[in-house]
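Chains, contacts and geometry: an overview
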Amino acid sequence: MLLRLPTSLSEARECLAEGAVPIGGASLLWATWQRDGFPQAAVSLREVPEANVIGPRTLGAAVVLTRIDDRVPDVLRLAAGSVGTGAVRRTATVGGNLVGSTLRCLLPAALVLDARAVVLEPDGVRETDLAELVAKKPVMLSLCWSAPVASAYRKLPAEAGGPPPLVVASALHSGDGRGDRLLVAVRDGYDVFSAGTTVAAGAGQALDALRETALGDLPAAAWEVVTPQVTGLLEERGAGE
């Protein structure tokens, strides 16, 4: 297998146009390739500057999880720090986690940031939503979002070999005169649910509104995490009851 390492977007597009297979999430792809056969050529974005950015409103797909620090919102930093072991985080990338993994530990955090994905195609670069990113698995270049006022993240402990641990992420975004906007996402098993509400009063009103969304059908164990997380976030903002 020939591994190509372009250093610019134009070179990366040429590689894709020539049929090179994206290698993001290679630690997950390797077993599949060993079983089904290796591609003739693969392409990695690890040398492309746009895929390596880290900032308060953007994060590159080629960034390994150990590089994610307080330059990004808390919810994304904490999510990255909770993935696997240190050895896993030193090799796993943002794009590999979101596109190549079945667990997608970063997805709840990206959802509450209301993030968009920048994807690379043979004919150019475009933005798409996270639903398309997960469903169609295009070549991801980066994430971008509007910086939240505050955010929070929690992953519950889980037994090795058991079901995926419950994950709850939330973020508060500045709104218009009607109130701030609260977004919450929960990973329950392999499924991720998300919803939002305008915070016009206190935490009680916000939680009642969230129970009227898709989050309302989540088990009690999920709400035992959602309730204090949302309450704490709004109290930090000064909107709690």
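Below you will find a few notes about this structure.

What counts and how
- Residues numbered from 1 in each chain as written.
- Predicted model: local features only at pLDDT ≥ 70, side-chain atom pairs only at ≥ 80, totals over all residues.
- Heavy atoms only, no water.
- Helix = DSSP H or I, 4+ residues; strand = E, 2+ residues; numbered from the N terminus.
- Buried < 20%, exposed > 50% of the residue type's maximum accessible area, 1.4 Å probe, protein only.
- Pairing = 2+ DSSP bridges.
- Axes fitted to C-alpha atoms, helices over the stretch in contact; angles between N-to-C directions.
- Contact = heavy atoms within 4.5 Å.

Moving on, we get to the environment of Asp-114. Looking at where Asp-114 falls in the secondary structure, it is placed in the loop between helix 6 (107–112) and strand 5 (116–121). By relative accessible area, Asp-114 is classed as partly exposed at 43%. Each C-alpha atom of the pair Asp-114 and Val-48 lies 25 Å from the other, and the pair is 66 residues apart in sequence.

Right, let's get into the sheet that holds strand 4 (residues 58–60). Reading across from one edge, 4-7-5-6 is the order of the 4 strands in this open sheet, with antiparallel pairing throughout. Strand pairing shows two members of the sheet lacking a second neighbour, strand 4 and strand 6 (124–128), which therefore form its edges. Each strand axis lies, on average, 25° off the axis of its neighbour in the sheet, ignoring direction. Across 5 bridges, the pairing between strand 5 and strand 6 is antiparallel. When the bridges of strand 6 are listed, Val-119 appears paired with Arg-126. Strands in contact with helix 1 (residues 9–17) are strand 5, strand 6 and strand 7 (139–144); relative to strand 5, the strand with the most contacts, it is inclined by about 65°.

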